[in-house]
Amino acid sequence: MDIVAKLDRVSYQYPGAAAPVLKDISLTIHRGEFLGIVGPTGAGKTTLCLALNGIVPQFYGGRFFGHIAVAGLDTLDHPVSQLARCVGMVFEDPEIQLTGTSVENEIAFALENLRVPRAEILARIPRVLAAVRLAGFEQKNPQELSGGQKQRLAIAAALALQPDLLVLDEPTSQLDPIGTQEVFATVQALKQELGVTIVMVSHAAEEMAEFTDRIALLSEGRLAALGPPEDIYAQVDLLEHYHLRPPQVADTYHQLDRRGITMAAVPVTLDKGLAALPALQISDRLLPPPEFPPPAPSPTPPILSAQNLTHVYTSGTEALRDVSVAIHPGEYVLIVGQNGAGKSTLVKHFLNLLQPTAGAVRVGDRDTRHLSVSDLARSIGYLAQNPDNQIFNTTVEKEVAFALPYLGYSAEAVKRESLRALKAMGLWGDRAAHPLSLPKGERSRIVIAALLAMQPDIIIFDEPTTGQDYRGAKAILEVSRQLHQLGKTVIVITHHLYLMPDYAQRAIVMGQGTILLDAPLRQAYHQSEVLQSTYLVPPQAVQLAQELSRLSGQTYPLITPAEVARCFRPRQESSQ
Amino acid sequence: MGFSSFQTVTRDSLFTRLDFRTKLVMLVTITLIAFTWESPIAGGLLALAVAIACLLAGVRLTYLGTVLKVMFPFYIFLLLSMGFFNVDQVKLLTGKTELTPLLSLPASWALIGGATMSVEGTLYGLNIVFKTLTMVLIIPLAIFTTDVNQMTIGMVRAKIPYKIVFIFSSTLRFVPLLLGEVQSIIEAQRLRGLDFERMNWFKRGRVYAAIAVPLILNALAKSQQLEIVLQSKGFSGSPHRTYLHESTLAPVDYALIGGFVALFAGAIAVYVGLGVGKFYWLLGSAG
């Protein structure tokens, strides 16, 4: 098979770094294949991508060992500008990588730099725009595009170089579900229709299992495993060892295997998982559906509420339309919906960052119109999507204590409250460290400690899992659970439905400025049509449970792989 | 040609159709004339003409209002300082030995008691006000009516080094991003309980200074990411590149460039020969 890129015993250490980030990696990438790269944060995935077009080590410097050849060019011997013809790059952040002032300028930029004649540029623009389904957008300003469209434009700009290799580094991590679907559909079409060779880094296990030809698993700079997705994702123990999340289908069948119900091969894609269900001898092994009593209604009056809330932005956009919602003390609520559904607009009303155009918002029995943002900050702690925006002190302890004097706390109270918050968040040992020297998950924890010191009753997490690997996402959600157990009311906004069954009790599904559904989490996850109307897909475990219900004629309201697996009688028991 | 977000003008006019080089010539010519003229009447007419041109080109009235609002304290300071203290220069320009008093402060006032504000000094202040106003208004007339891409090519064709041109266009691209970042940081701080409205200026200053930390760190991280993006797109700052958009001078561009050069030559000629635009022009000669 034709080889596009070959890595031969590659090791690399950034200047000033204590240890190498890539260690002795040998890998061959074949023409026309889709290679997925997975691994926990810090595994060296991005560095590997940057090594493919010579930016590592040509831009960064550092110590590089071994050889990389792309389209026959050694990445050490050829300048990045020459390698740019062979390797198209798409990065994580859709904002930063688009430099053009119009879609066609964006595509033309790299071609102009590489001195492609104008007539050729004019010929390539419509071709690549058609390939990513952005034809007709030539004159649009890239900043006016949605997240998914921006990433598709970045792909088009990379494709216009007619590269031998297209490298995408976590292109969907900052996108909502519809943007993610757009990018994966585009990449799949490029591979199938144009035979483009693709290397993609992603944490989206379900999509990677479905679309890639091979998976390279990196851990601490080493190539820990390499193989087809059906081999790699079927090894759930291996994935767990490296703190990676398996697709829920693989997880479900793996748990069935532990119960003695063994399949010849663990399916890793939804289609195969659904097709394999009848082979489990459902009539013999399936237990009756478990009972899940609905949560009792709260006897206490709401702590947060909106009545007939409408918000129209000055641009004329109606972001919320007649929304009524009540959240009670001690609840753990999930708010989901595509970008533009109104989630952030709703939450900003609770914080008084936005005021109602019509209707009313109350915190407890107080109308937010009569409260300042800082008054509300004492009741509601808000963790922004990027915790770094909330951090600016030189030690963890100073950061946690920073706002308290401004709120009128005495010196003694500042000390007492910051000590309590640091201990509650497990940061006491790090109190003298610089906040930015800690990993991102820990930085979120610092901001949470700073919020906790103000003793709020409610904590809002705004997209806390975006850009995090599985371990990082779980760590933050564990903090949310801890806060919930302390009696706080917790609200989480996220697109990652699969993460939430272990935490949230109730789901509010938003779409086009209204609440489409407000129900207990279990019930909401099974409302597939409502979820799909706001471009959300129920987790695979839910889809397996729905198929199980169809096959058995009984209703299985299950939402996690463990619940699905537990519905089957273990082999020893069933054979007795 | 599509309008980018920097081209705040949405109206198609002569200005949007002109080549950027023509607008550069216009910018330089008008600025030089504004600098040359000392007459508040000539300066006022020039500033008025530029303001009308801005409005005709579709620059929003609110923008002009904001410019005036921002400049207003500076203009008041200029008028007062020129009216009270610019005595010698005005005497030289008018040839007068005594200036016409506009108002005098009571002699009983401490320190400034007895100071006199002159008509001539105030008129000279007014001349500087119009000079700066002309310059402040001519820039949006050139920039807001030009697509950034056309600006880039126009500047490259005008032999400005490509690297400088690229820094200029990326600044226009990233300023809004950074402003957005500042907004989100301030919002995040308010949500940590910092009540900016109730803080005194000293405290507020301290908090704003602290905000600079995440802002600078974010900006540094972004600029490194941008550098990597540019490298991967084969950008080297070399002027040896091709261009998607061609920049050609139309007959109207040639005519206007010629017109601006003639205007400048004419303005200098009548200034030197006939005193048009000199300080005392139409104010009563004292030369």
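A quick note: this is a predicted structure, and the numbers were derived from the prediction, not measured.

Caption draft 1: Geometry of the overall build of chain B. In terms of regular secondary structure, chain B is built from ten helices and two strands. Written out in order from the N terminus, the α and β elements of chain B read α-α-α-α-α-β-β-α-α-α-α-α. The C-alpha atoms of chain B give a radius of gyration of 24 Å, which is well past the 19 Å a tight globule of 287 residues would have. When its C-alpha atoms are laid out on the principal axes, chain B stretches across 70 × 60 × 30 Å.

Caption draft 2: Geometry of the overall build of chain A. Looking only at helices and strands, one finds 24 helices and 20 strands in chain A. The globule rule puts the C-alpha radius of gyration for 576 residues at 25 Å, and the 25 Å found for chain A is close to it. Summarising its shape, the C-alpha atoms of chain A cover approximately 70 × 65 × 50 Å along the three principal directions. Sequence separation of at least 24 residues holds for 67% of the intrachain contacts in chain A that already meet a minimum separation of 6. Counting only carbon and sulfur atoms, one obtains 49% of the accessible surface of chain A, whose full area is about 22,300 Å².

Caption draft 3: Broad picture of the pattern of salt bridges. All chains considered together, the criterion is met by 29 salt bridges over all chains. D19 of chain B serves as the salt-bridge partner of R21 of chain B, at 3.0 Å between the closest nitrogen and oxygen. Neither R21 of chain B nor D19 of chain B differs from the other in exposure class; each is buried. Each of D2, R31 and D164 of chain A takes part in one network of salt bridges that share partners.

Caption draft 4: Here's a closer look at the packing of aromatic side chains. For the coordinates displayed, the defined rule picks out ten aromatic pairs over all chains. Judged by centre distance (5.8 Å) and plane angle (25°), the rings of F109 of chain A and F235 of chain B are stacked. Within this pair, whereas F109 of chain A is found in helix α4 (residues 103-113), its partner F235 of chain B is found in the loop between α9 (201-232) and α10 (251-274), the two belonging to separate chains. Neither F109 of chain A nor F235 of chain B differs from the other in exposure class; each is buried. Between F74 of chain B and Y75 of chain B, the aromatic rings sit 5.9 Å apart at their centres with planes inclined by 45°, giving tilted as the arrangement. The class for F74 of chain B is partly exposed, based on a relative accessible area of 38%. Here the aromatic cluster, defined as three or more aromatic residues joined through ring pairs, consists of Y12, Y14, F59, Y60 and F64 of chain A.

Caption draft 5: Looking closely at the domain arrangement of chain B. In terms of domains, chain B is made up of domain 1 (15-147 + 270-274) and domain 2 (162-232). On a C-alpha basis, the centres of domain 1 of chain B and domain 2 of chain B stand 33 Å from each other.

Caption draft 6: Geometry of helix α22 (residues 540-552) of chain A. Residues and elements named next belong to chain A. Look at α22: 18 Å from first C-alpha to last across 13 residues, which is about the 18 Å you get at 1.5 Å a residue. Taken together, the buried positions of α22 are occupied by Q540, A541, V542, L544, A545, E547, L548 and S549. As for α22, its buried residues are in contact with α8 (205-211), α11 (248-258), α12 (270-276), α13 (282-285), α20 (521-525) and α23 (561-566). G553 lies just past α22 and shows a positive phi near 75°.

Caption draft 7: Geometry of the interface of chain B and chain A. Chain B puts 55 residues into the contact, and the matching count from chain A is 61 residues. Considering only the side of chain B, the residues that lose the most area to chain A are L191, R192 and L244 of chain B, jointly responsible for 18% of the buried surface there. Here E187 of chain B and K348 of chain A are joined by a salt bridge, their closest N and O atoms 3.6 Å apart. Counting every contact that joins chain B to chain A gives nine residue pairs in polar contact (both at pLDDT 80 or more). When residues of the side of chain B that touches chain A are assigned to their parent elements, the largest contribution, 18 residues, is made by α9 of chain B. Here the side of chain B that touches chain A is built from residues that sort into 24 nonpolar, 16 polar and 15 charged.

Caption draft 8: Geometry of the packing of helix α6 (residues 147-159) of chain A against helix α7 (residues 177-194) of chain A. All names here are of chain A. Relative to each other, α6 and α7 sit at 25°, their axes nearing to 8 Å. It follows that α6 is roughly parallel to α7 by the angle criterion. Crossing handedness for the pair α6 and α7: right-handed. In this structure, α6 uses G148, Q149, Q151, R152, I155 and L159 to contact α7, whose residues at the interface are G179, E182, V183, T186, V187 and L190. Looking at side-chain class alone, the contact of α6 with α7 contains five nonpolar, five polar and two charged residues.

Caption draft 9: Up close: the domain arrangement of chain A. Residue and element names in this part refer to chain A. Split by domain assignment, chain A resolves into domain 1 (3-242), domain 2 (250-290 + 540-575) and domain 3 (330-338 + 370-525). Between the C-alpha centres of domain 2 and domain 3 the distance comes to 36 Å. At the junction of the two partners, domain 2 supplies seven residues and domain 3 supplies five residues. On the domain 2 side of the contact with domain 3, V542, P557 and I559 bury the most area, a combined 74% of that side's loss. If you look at where domain 2 meets domain 3, you find one salt bridge.

Caption draft 10: Quick look at the nonpolar core. All names here are of chain A. Grouped together as the largest cluster of nonpolar side chains are 76 residues, with contacts concentrated most on I107, I155, L166, Y233, Y253 and F568. The greatest single-element share of this core, amounting to seven residues, is contributed by α6. Residue contacts for I155: discarding those within four places in its chain leaves V90, V132, L166, L168, V183, V187 and L190. Counting residues in hydrophobic clusters, the runner-up holds 61 residues, among them F392, L427, L483 and L497.

Caption draft 11: Region of interest: the sheet that holds strand β7 (residues 165-169) of chain A. All names here are of chain A. An order of β6-β7-β8-β3-β9-β10 is seen for the six strands of this open sheet, with the pairing classed as mixed. Two strands lie at the open edges of the sheet, namely β6 (87-90) and β10 (222-227), each paired on one side alone. On average, each strand axis in the sheet is inclined to that of its neighbour by 20°, with strand direction left out of account. The pairing of strand β3 (residues 34-38) with strand β9 (residues 214-219) spans four bridges and is parallel. Across the sheet, the residue bridging to V38 is L217, located in β9. Across the sheet, helix α1 (residues 45-52) is in contact with β3, β6, β7, β8 (198-201) and β9; its angle to β7 comes to roughly 155°. Contacting β3, β7 and β8, α7 runs over the sheet at an angle of about 160° to β8.

Caption draft 12: Representation of the side chain of T146 of chain B within the structure. Residue and element names in this part refer to chain B. With respect to the element layout, T146 can be found in the loop between α6 (119-143) and α7 (148-157). Exposure remark for T146: the relative accessible area of 3% places this residue in the buried category. Reaching out from T146, the side chain makes a polar contact with the side chain of K23 at a distance of 2.8 Å.

Cut-offs and rules
Residues numbered from 1 in each chain as written. Chains lettered and ligands numbered in written order. Predicted model: local features only at pLDDT ≥ 70, side-chain atom pairs only at ≥ 80, totals over all residues. Heavy atoms only, no water. Helix = DSSP H or I, 4+ residues; strand = E, 2+ residues; numbered from the N terminus. Rg over C-alpha atoms; globule rule 2.2 N^0.38 Å. Contact = heavy atoms within 4.5 Å. Areas by Shrake-Rupley, 256 points an atom, 1.4 Å probe, with all protein chains shown as cover. Salt bridge = Lys/Arg side-chain N within 4 Å of Asp/Glu carboxyl O. Buried < 20%, exposed > 50% of the residue type's maximum accessible area, 1.4 Å probe, protein only. Phe/Tyr/Trp six-rings, centres within 6.5 Å; stacked < 30°, edge-to-face > 60°. Domains from an automatic or database assignment. Expected span 1.5 Å × (residues − 1). Buried area = accessible area lost by both parts, 1.4 Å probe. Polar contact = N/O pair within 3.5 Å; in protein donor to acceptor, adjacent residues only side chain to side chain. Nonpolar A, V, L, I, M, F, W, Y, C, P; charged D, E, K, R; others polar. Axes fitted to C-alpha atoms, helices over the stretch in contact; angles between N-to-C directions. Parallel < 35°, antiparallel > 145°, perpendicular 65-115°, else oblique. Left-handed = near helix turned anticlockwise from the far one by under 90°. Core = buried A, V, L, I, M, F, W, Y, C linked by side-chain atoms within 4.5 Å. Pairing = 2+ DSSP bridges.

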